[in-house]
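Here are the chains, one letter per residue:
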Amino acid sequence: MILGLLLLLALIIQLPAVQNSLVDRISRSLSERTGTEISVDRIYLGFFNTFNLQGLYVEDLQQDTLLYDGQLGVDLNMLALLRQSVEVNEIDIRKVKINLRRSPIDSTFNFQFLIDAFAGAPKPSPKEKKPSSWSIALGRLKLSNTEFRLEDALSQYELSAYLGYLQIDVDEFDLAELALDLKQVQLANSSVSFTQFP
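Here goes a summary of the coordinates provided.

**Points about the overall build of the protein chain**
Along the protein chain, the regular secondary structure elements total 3 helices and 9 strands. For the protein chain, the N- to C-terminal ordering of α and β elements is α-α-β-β-β-β-β-α-β-β-β-β. Seen through its C-alpha atoms, the protein chain measures out along the principal axes to roughly 65 × 45 × 40 Å. Here the protein chain, with 198 residues, has 26% of them falling under the buried criterion.

Written out as structure tokens, the structure reads:
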């Protein structure tokens, strides 16, 4: 029964009209909640294993680009969700621009509005936290053509980084134990710049 419903849902989501409608609704809802423009050009949900998001744009409150992600591709095993497991074979992120700023007048960064928009009311601490029965597996993370810029006028420094290509192959990932074992890391055509102002 559950497998049949998942199959029907997967078939319906394959329709471009359904995917476009989802993108429009989510973009509009996020823009209203944050008070700034958040948009997605296209989303593609593949049959049981692929999620692809193109053209994610997030504007800050000064109407400058906070985040642009040209393409986010995720290859995962959807059937693993039935076993309470999230199995991500690969995450491929391309053409990203991140611009973080803090003015000398204001002590908050230009992304604080996102935290405020999604932060819920504080919850009382539970006496004992049960360990999650869900497991998470991550195989490979790839970043290419990624630009990061942090301008902190309050602390008087600027940090810029460019990742031409970064690939991280994960051997073991245990979120509950905060353990990460990397098999291989490849970095090419990348640079970092740091400037301290007087």
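The structure having been displayed, the exposition proceeds.
**A short note on a nonpolar patch on the surface**
A cluster of nonpolar side chains, contributed by Met78, Leu81, Val86, Trp134, Ile136, Leu175 and Leu178, occupies part of the molecular surface with about 650 Å² of accessible area. Mapping Trp134 onto the fold places it in the loop between helix H3 (112–118) and strand S6 (135–152). Relative accessible area serves as the criterion here: at 41%, Trp134 is assigned to the partly exposed category.

**Section: the pattern of salt bridges**
Enumeration according to the criterion identifies 9 salt bridges in this entry. Lys142 is paired through a salt bridge with Glu90; the nearest N and O atoms lie 3.9 Å apart. Taken together, the positions of Lys142 in strand S6 and Glu90 in strand S5 (residues 85–102) put the pair 52 residues apart, joining distant regions of the chain. On the basis of relative accessible area, Lys142 is assigned to the buried category, the value being 18%. Here the salt bridges do not stand alone but share partners, grouping Glu90, Arg140, Lys142 and Asp169 into one network.

Reading the values: rules and limits
- Residues numbered from 1 in each chain as written.
- Predicted model: local features only at pLDDT ≥ 70, side-chain atom pairs only at ≥ 80, totals over all residues.
- Heavy atoms only, no water.
- Helix = DSSP H or I, 4+ residues; strand = E, 2+ residues; numbered from the N terminus.
- Buried < 20%, exposed > 50% of the residue type's maximum accessible area, 1.4 Å probe, protein only.
- Patch = residues over 30% accessible without salt bridge, like charges linked within 9 Å, V, L, I, M, F, W, Y side chains within 5 Å.
- Areas by Shrake-Rupley, 256 points an atom, 1.4 Å probe, with all protein chains shown as cover.
- Salt bridge = Lys/Arg side-chain N within 4 Å of Asp/Glu carboxyl O.

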